[in-house]
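Below, each chain spelled out in residue letters.
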Number of protein chains: 4
Amino acid sequence: MPDSDSETGLLLNADGFATILSERLPFAELMGLVVEEFHRDYVIMRARYSERFLRPGGTLAGPIMMGLADATIYALLLSRIGPVELAVTTHLSINFLRKPAPADVLARASMLKLGKRLAVAEVVLYSESLGVEKPVAHATATYSIPPPDRRQA
Amino acid sequence: MPDSDSETGLLLNADGFATILSERLPFAELMGLVVEEFHRDYVIMRARYSERFLRPGGTLAGPIMMGLADATIYALLLSRIGPVELAVTTHLSINFLRKPAPADVLARASMLKLGKRLAVAEVVLYSESLGVEKPVAHATATYSIPPPDRRQA
Amino acid sequence: MPDSDSETGLLLNADGFATILSERLPFAELMGLVVEEFHRDYVIMRARYSERFLRPGGTLAGPIMMGLADATIYALLLSRIGPVELAVTTHLSINFLRKPAPADVLARASMLKLGKRLAVAEVVLYSESLGVEKPVAHATATYSIPPPDRRQA
Amino acid sequence: MPDSDSETGLLLNADGFATILSERLPFAELMGLVVEEFHRDYVIMRARYSERFLRPGGTLAGPIMMGLADATIYALLLSRIGPVELAVTTHLSINFLRKPAPADVLARASMLKLGKRLAVAEVVLYSESLGVEKPVAHATATYSIPPPDRRQA
């Protein structure tokens, strides 16, 4: 595992995660996912709007929001434990709260518990027009962290 | 709402749903989703494998499975209530159980409760190589059914 | 529906909810549930410790925490919509994060979305010794709000 | 770990689990929980009706059903791995589907995935009057299985 970045306390920074996203998760590009902010306490990612994401009613399809939620929690986890690519989601629960406008969606993830084997985080999804106080969705997810000898693909 | 198909008891058949999928949900095509079976008691859909769906470890990315689960429940619901395109997911909870091989994934959805305002269904996701007895994921989802005067986009 | 309390903006206050709890939910007393704080933005309830709540390992049994989570969200909802006793949980999802000490547990609920038919809230459960920053559990729940003519038992 | 019962293939039988329930989980008795059936593929438990379990509307309070669901999955897990009392729930998600009559509730749990560290199971809750085909609730839960050297309290 890499040393922690001395300024940020992160074990993987925004550029490091963006590299994993672009080189190892081709589906993330299809969903227009980009990193916005990397902090010790939270990570924000964005799903860039595309007409391909529309569903009947002119709102965004649920899978875009589920993919964004999952990726943002993955980013948060890797910022804390380093580039453990083989960490995998074991559970995700999402509540869809308001109809998302046909526009970019942002996701802000924060950690509820970071253990040795399991990490649980929550993520709030919101449109820029409504803001984080009126979220379009809220999710929690659990990631399983592989033991040290089985962390790289 | 259309009359029920007299043979199948369905209010929307496989072809009708495939049309909604191709004309109204462009993201479903990106995910390679196709209808396999439409029955009164269950619906099966398939996500056709693409290298774009891979994640580190050589397995399928979670969002593919979440999108497939959500779409299969949408199909099952519409088969029961007709082409109510504006039905929307309010909640989805998914457990990832086994690593999905880099291959097609199937999803089999069945209804737990079909009410006037809410429908709850479960869906089992599986690889053809392992079969439905060793599912790769299991999800439940709730759909909100709009009142009769607000059902079409 | 009663008029809102002019000072607090609440449609049901702590005493009103405590009455519902004691007269209408006998199980809440078995679980030692009491109201701690009623505010517009959040409600805090407490499950008073009893040896009956222990499970192997000397921690608290999960059902106590699930019951506390559910009741706290019920309290929050009724503080906003008034004494609509027939509001019912349609879904609850809980993550158990840390082992709860054999002591009182507190729950702090806040609203994610209050709609006409559905309300979604989240709740953080914590021991006084660890504080809300190290929660023992986190839950989200959806309540179904009955139409105005079917709100009283 | 005990040897498997040669006839049933179970590592803990109904009597063994009933002993854990009565000696180690006092809250289970408050909820009226009793074992009905222990099989290799599923376990059925019952929550015996009491007026204390009523909620407004004359139906059963949610926490009774959550407690029954959790205990039934615990029973199923221990029937497979033996009396590992320190196995703990890490996540539970429940959908309430129909109003439960003021009567006994039954729960039938089956395993979705039994791994070395995590087990995921589903459980269907039903009233005897309606039967398992019209469930009053459906839940899934994940249990964390402690490593062999940390299994006894």
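Residues numbered from 1 in each chain as written. Chains lettered and ligands numbered in written order. Predicted model: local features only at pLDDT ≥ 70, side-chain atom pairs only at ≥ 80, totals over all residues.

A word on the overall build of chain A. On a plain count of helices and strands, chain A comes out with three helices and eight strands. In chain A, the order of α-helices and β-strands from amino to carboxyl end is α-α-β-β-β-β-α-β-β-β-β. For the C-alpha atoms alone, the extent of chain A along its principal axes is close to 50 × 30 × 30 Å. Looking at chain A as a whole, 50% of its 153 residues are labelled buried. (Helix = DSSP H or I, 4+ residues; strand = E, 2+ residues; numbered from the N terminus. Buried ≥ 20, exposed ≤ 12 C-beta atoms within 10 Å, placed from the backbone.)

We now examine the relation of the copies chain D and chain B. When chain D is brought onto chain B, the operation consists of a screw motion whose angular component is 180° and whose axial shift is 0.0 Å, with 0.0 Å RMSD remaining. Both copies are brought into coincidence by an operation consistent with a two-fold rotation axis. It is S93 of chain D whose C-alpha, among those of chain D, lies nearest the rotation axis, at 3.8 Å. Residue by residue, 100% of the interface of chain D is reproduced at the interface of chain B, so both copies engage with the same surface. (Least-squares fit on C-alpha atoms with pLDDT ≥ 70 in both. Contact = placed C-beta atoms within 7 Å.)

Before going further, it helps to spend a moment on the sheet that holds strand β5 (residues 88-96) of chain A. As summarised here, the arrangement of the twelve strands in space is β1(A)-β2(A)-β6(A)-β7(A)-β8(A)-β5(A)-β5(B)-β8(B)-β7(B)-β6(B)-β2(B)-β1(B), forming an open sheet in which the pairing is antiparallel. The sheet is open, and its two borders are formed by β1 (33-38) of chain A together with β1 (33-38) of chain B, each paired with just one other strand. For this sheet, the mean inter-axis angle between neighbouring strands, taken without regard to orientation, is 20°. Alignment of strand β7 (residues 118-127) of chain A against strand β8 (residues 137-144) of chain A, held across eight bridges, turns out to be antiparallel. Looking at the pairing, E122 of chain A lines up with T140 of chain A of β8 of chain A. Across the face of the sheet, helix α3 (residues 62-81) of chain A comes into contact with β1, β2 (43-47), β5, β6 (105-114), β7 and β8 of chain A together with β5 (88-96) of chain B while running at roughly 45° to β6 of chain A. (Pairing = 2+ DSSP bridges. Axes fitted to C-alpha atoms, helices over the stretch in contact; angles between N-to-C directions.)

A few words now on the interface of chain D and chain B. Each partner contributes to the interface: chain D provides twelve residues, whereas chain B provides twelve residues. The set of elements that each furnish at least two residues to the side of chain D that touches chain B consists of β5 (88-96), β6 (105-114), β7 (118-127) and β8 (137-144) of chain D. Top contributing element to the side of chain D that touches chain B by residue count: β8 of chain D, with three residues.

Fine structural detail should not be taken from predicted coordinates in areas where pLDDT scores are low. Summary statistics for chain A give a mean pLDDT of 93 and a share of 94% for residues scoring 70 or more. Reported for the predicted complex are a pTM of 0.95 and an ipTM of 0.94. (pLDDT = per-residue confidence, 0-100.)

As a further point, take the interface of chain D and chain C. Where the parts come together, the accessible area they lose is often given as the size of the interface. The interface is formed by 30 residues belonging to chain D together with 30 residues belonging to chain C. Sorting the residues of the side of chain D that touches chain C by element identifies α2 (26-30), β3 (54-55), α3 (62-81) and β5 of chain D as the ones contributing at least two each. With nine residues, β5 of chain D is the single largest residue contributor to the side of chain D that touches chain C. Here the residues of the side of chain D that touches chain C sort into 17 nonpolar, eight polar and five charged. The sheet contact formed by strand β5 (residues 88-96) of chain C and β5 of chain D spans five bridges and is antiparallel. Looking across to β5 of chain D, one finds that L92 of chain C is bridged to I94 of chain D. (Nonpolar A, V, L, I, M, F, W, Y, C, P; charged D, E, K, R; others polar.)

What follows covers the relation of the copies chain D and chain C. With an RMSD of 0.0 Å, chain D superimposes on chain C once it is rotated by 180° and translated 0.0 Å along the axis. Both copies present the same face, since 100% of the interface residues in chain D are matched by interface residues at the equivalent positions in chain C.

Residue and element names in this part refer to chain D. Across the nine residues of β5, eight count as buried, placing the element largely inside the fold. In this structure, β5 lies alongside β8, joined through eight bridges in antiparallel fashion. Directly across from I94, in β8, lies its bridge partner A139.

A few words on the sheet that holds strand β7 (residues 118-127) of chain C. Backbone-to-backbone hydrogen bonds pair the strands of a sheet. The strands run either parallel or antiparallel. An order of β1(C)-β2(C)-β6(C)-β7(C)-β8(C)-β5(C)-β5(D)-β8(D)-β7(D)-β6(D)-β2(D)-β1(D) is seen for the twelve strands of this open sheet, with the pairing classed as antiparallel. Strands with a single pairing partner mark the edges of an open sheet, and in this sheet they are β1 (33-38) of chain C together with β1 (33-38) of chain D. Direction aside, neighbouring strands of the sheet carry axes that sit 20° apart on average.

This part is about the packing of α3 of chain A against helix α3 (residues 62-81) of chain B. Look at α3 of chain A against α3 of chain B: their axes get within 9 Å of each other, and the N-to-C directions meet at 150°. The orientation of α3 of chain A relative to α3 of chain B falls into the category roughly antiparallel. Considering the relative orientation of α3 of chain A and α3 of chain B, their crossing is right-handed. Residues G62, P63, M66, G67 and D70 of chain A of α3 of chain A form the contact with α3 of chain B, whose participating residues are G62, P63, M66, G67 and D70 of chain B. (Parallel < 35°, antiparallel > 145°, perpendicular 65-115°, else oblique. Left-handed = near helix turned anticlockwise from the far one by under 90°.)

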